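Structural overview for review
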Amino acid sequence: MADSHCQDCLPPNKRPRVNPEAVDASPTPVVRLVQDAERDEEFWLEDGNIILVTTLRPTAFRVYKALLARQVEAFADMFASSTAQESESYQGCPVVQLADAPEDLRHLLRVLVPTTDPLFCRAKDGPLPTLHQFSAIIRLSHKYRIERLQEQALTVLKDQYCNTLNAYDRRVSVYAPPVSESCIPTTHMIEIIELARLTDTTSLLPVAFYETQGMLLELLMDGWLRENGTVVHLSRGDLQRCVNSRADFHNASLDRTLRMVRLADTVTCELGCRPTLIHFCGGLDSDMYLCLEDPLGRDTSQCSWSWLVENYDCYPDGIAPCETCIAKVRAQEKEDREKLWARLPWIFSIEVPGWPALPT
Ligand SMILES: [Zn+2]
């Protein structure tokens, strides 16, 4: 009798029909994926027609398929292989998984699906995007081969990590304060070096390596914490470059200090600036001299003797050197810095096509 048989023993076409509502109650893996992911607050667009889910800290972004596909060929390819079949979609939207961090993808979408001002269109001297934005956009543009966007971001970075001393001085005043805790660059140079290596943009490297000279080696070895939680470390070779170059910068600092002392001693000025400058050299109670004692310590080659001469506030009787003598300090400083600048690629053992040579 059929009633005595176990249902599993019946051939499939004889099995009772499963209640269709029971099937609907059990979500498909894709639906579960989207339901379990966090919905991105900024990019869950109600009328979006594709859903991107990050594999890291699963987060779902509902955006516009054609808008992304037209700008990013790699996305177009991915979307073409996704289907709108009910079993592979969520609320009628195809679902695509991306092996990215949500923080990074959000920065990319802010450019591709702009909801505010375009990121790289800024007023002259307007604030730059943050380094986290640069990093995410350059890394994802590189990964998804969005060449024009990568180039836009690198062009802005090249303004900051430039190849001429004049451009560098326009960016950072040569009259920056002397070494103090407030002017020690943080480890973000590690990220700049990483982005330069990733995109083979060697012109960023000399200034980035140059600015690591202000950092304690311990900090340099700790690495840079990205917004997405990963810690970036310099490669062994690049870390070695930072260490090896310290002796060159230390020698350059010693040279500049000796030349300053010599200039003070040899200046001939009828206004009596020689004893004033000698007093200045002997009276400086700054990190300048302390740093010179440690070849692997922080470098002082970016500190400005002319800034110190102009801002020193302990001159005898409060009388500073005359403008002509200060101009001599400035001229010597410019000469020293130009020599050092021209040697940067050599100091760091990197080849940088087009790096300006020392004027002859
Ligand atoms: Zn003078």
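Residues numbered from 1 in each chain as written. Predicted model: local features only at pLDDT ≥ 70, side-chain atom pairs only at ≥ 80, totals over all residues.

1. Looking at the overall build of the protein chain
Along its length, the protein chain carries 16 helices and seven strands. Evaluated residue by residue, the protein chain yields a buried proportion of 29% over its 360 residues. Intrachain contacts of the protein chain at a sequence separation of at least 6 include 64% that bridge at least 24 residues. (Helix = DSSP H or I, 4+ residues; strand = E, 2+ residues; numbered from the N terminus. Buried ≥ 20, exposed ≤ 12 C-beta atoms within 10 Å, placed from the backbone. Contact = placed C-beta atoms within 7 Å.)

2. So, the confidence of the model for the protein chain
Within the protein chain, residue pLDDT values average 83, and 79% of them lie at 70 or more. Considering each helix and strand of the protein chain separately, the mean pLDDT is smallest for helix H1 (residues 20-25), with a value of 51, and largest for strand E3 (residues 59-63), with 97. For the stretch residues 173-185, pLDDT sits under 50, and the model shows 24 contacts to residues farther than four places along the chain or on other chains. (pLDDT = per-residue confidence, 0-100.)

3. A few points about the sheet that holds strand E4 (residues 89-90)
An order of E1-E3-E2-E5-E4 is seen for the five strands of this open sheet, with the pairing classed as mixed. With partners counted over all chains shown, the strands left at the sheet margins are strand E1 (38-44) and E4, one partner each. As judged from the four bridges shared by strand E2 (residues 50-54) and E3, these two strands associate in the antiparallel manner. By the bridge assignment for E3, Ile-50 is matched with Val-63. (Pairing = 2+ DSSP bridges.)

4. A short note on helix H13 (residues 273-283)
Those residues of H13 that sit buried are Cys-273, Thr-276, Leu-277 and Phe-280. Around the axis of H13, the buried residues are gathered within 95° of arc, so they sit on the same side. Residues of H13 that are exposed and point over 90 degrees away from its buried face: Pro-275, Gly-282 and Gly-283. On the buried face of H13, the contacting elements are helix H12 (236-266), helix H15 (305-311) and helix H16 (323-347). (Arc of directions from axis to C-beta.)

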